[in-house]
Amino acid sequence: MTSAKPVFNFCSGPAMLPIEVMQQAQTELLDFQGTGISVMEMSHRSDIFISILNSTEQNLRKLMSIPDNYRVLFMQGGASLQFSAVPLNLMSEFRRAGFMNTGYWSQRAMAEAQRYGSTVELASAQSSNFKTAFAAGEVDIPQQLDYVHYTPNETIDGVAFTEIPDVGDVPLVADMSSCILSAPIDVSRFGLIYAGAQKNIGPAGLAVVIVREDLIRLDLPSTPRLLNYRIVSDQVSMANTPPTFAIYLANLVFQWLLRKGGVPQIEQHNIEKAALLYGALDRSKLFYNDVRAQYRSKMNVPFFLREETLTPVFLEEATQFGLLNLQGHRSSGGCRASIYNAMPKAGVMRLIEFLEIFENRYA
Ligand SMILES: Cc1ncc(COP(=O)(O)O)c(C=O)c1O
């Protein structure tokens, strides 16, 4: 950091990475552990890269307590390509999947799945303007579904489930792009978990897939090779050249998280940061968040100004103050602070300080 004032990046993704990770990557960039070359320049078939890949998988398994009957796949195309891969692999018996509609990303997943089979909207939060999620047993699950898909954390509207939905014996599929590794979860409750890396894992483009073994034998004949979980799994994420540097960086993030005490520890940190920020918004007369309190996301905190014309002024002045990328998603406007694992409490405190300064000046 060369600037005199602290800079905090609240981007929703690609998001900030832990400073220690960036420094380690910088130190190792030109010469990885005495090899004389960068990880970026190494054969993916070399012993040294294969040991990085194995270590990345083992560290993720440790962090999430992933049971042995689940495979971990490192794939490409971000989370969005999983919107296609999931139906192409899992929609085999009934050609029908159920979706919980909690906003933008769950809708995108459902729209893509529709290209491969039929989709059923099991529940929709539209009537609340996507300010709510659903309780565990609130959604009825019909028979004859290949899977049920949901988005535990809707990144744009800042809405999060508090419990894993109860779907009986139907495999549950979760897009955990914006909440993976932020709090402990029981992986055995899921058929499949996927996440784009660029929030809590590492560089954009990489996607992590955690899939129960018995679900990866069901691929449709037309499934492209690189989207076929069976092939990717059999070839240990090397069905083609994997995103080697992104995998290496993900491993540095996993190691950082393990040093911090793992997911239960980071969850406490996340709870504290979110409580501080929502507390400040709730005290404010100018700023507000209108998500139903129990479903407020601890990762993405959208907020609005009661005097809307002040929004661009706020964003401009926040940038000057060193608080970057606070603009809301283009579909919803307003502001949004993404406070993933890597955001230190100091960043949240600095944002709260600026909210108060701005309010005192303009309200
Ligand atoms: C919940 C969720 N799903 C999917 C995506 C899409 O991810 P990608 O751009 O990696 O395809 C995002 C991106 O922000 C997201 O937040």
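Residues numbered from 1 in each chain as written. Predicted model: local features only at pLDDT ≥ 70, side-chain atom pairs only at ≥ 80, totals over all residues. Heavy atoms only, no water.

**A few points about the site of the ligand**
So, point 1. Close contacts around the ligand come from Gly78, Ala79, Ser80, Phe83, Trp105, Thr151, Asn153, Thr155, Asp175, Ser177, Gln198 and Lys199, and that covers them all.
So, point 2. Take Trp105: an N or O atom from its side chain is 3.3 Å from an oxygen atom of the ligand.
So, point 3. Within the side chain of Thr155, a nitrogen or oxygen atom sits 2.4 Å from an oxygen atom of the ligand.
So, point 4. Contact with the protein chains removes 84% of the 390 Å² of surface that the ligand exposes when unbound.
So, point 5. When residues of the shell around the ligand are assigned to their parent elements, the largest contribution, 4 residues, is made by helix α3 (residues 78–90).
So, point 6. Among the residues forming the shell around the ligand, the class breakdown is 3 nonpolar, 7 polar and 2 charged. (Near = heavy atom within 4 Å. Polar contact = N/O pair within 3.5 Å; in protein donor to acceptor, adjacent residues only side chain to side chain. Areas by Shrake-Rupley, 256 points an atom, 1.4 Å probe, with all protein chains shown as cover. Helix = DSSP H or I, 4+ residues; strand = E, 2+ residues; numbered from the N terminus. Nonpolar A, V, L, I, M, F, W, Y, C, P; charged D, E, K, R; others polar.)

**Description of the pairing of strand β12 (residues 300–305)**
So, point 1. The element β12 is extensively covered by neighbouring structure, given that 6 of its 6 residues are classed as buried.
So, point 2. Summarising the sheet, strand β11 (residues 287–288) and β12 pair through 2 bridges and their orientation is antiparallel. Note on β12: the bridge partner recorded for Phe287 is Leu305.
So, point 3. With 4 bridges connecting them, β12 and strand β14 (residues 335–338) associate as antiparallel partners. Following the sheet pairing, Phe303 is matched in β14 by Cys335. (Buried < 20%, exposed > 50% of the residue type's maximum accessible area, 1.4 Å probe, protein only. Pairing = 2+ DSSP bridges.)

**Side note on the domain arrangement of the protein chain**
So, point 1. When cut into domains, the protein chain gives domain 1 (8–17 + 261–362) and domain 2 (23–259).
So, point 2. For domain 1 and domain 2, the distance between their C-alpha centres works out to 26 Å.
So, point 3. Of the roughly 2,500 Å² buried at the junction of domain 1 and domain 2 (both faces included), carbon and sulfur atoms supply 58%.
So, point 4. Between domain 1 and domain 2 we count 1 salt bridge in total.
So, point 5. Lys131 is the salt-bridge partner of Asp290, the closest N and O atoms lying 3.1 Å from each other.
So, point 6. Here domain 1 and domain 2 share 18 residue pairs in polar contact (both at pLDDT 80 or more) between them.
So, point 7. When residues of the side of domain 1 that touches domain 2 are traced back to their parent elements, those giving at least two are α7 (263–283) and β12. (Domains from an automatic or database assignment. Buried area = accessible area lost by both parts, 1.4 Å probe. Salt bridge = Lys/Arg side-chain N within 4 Å of Asp/Glu carboxyl O.)

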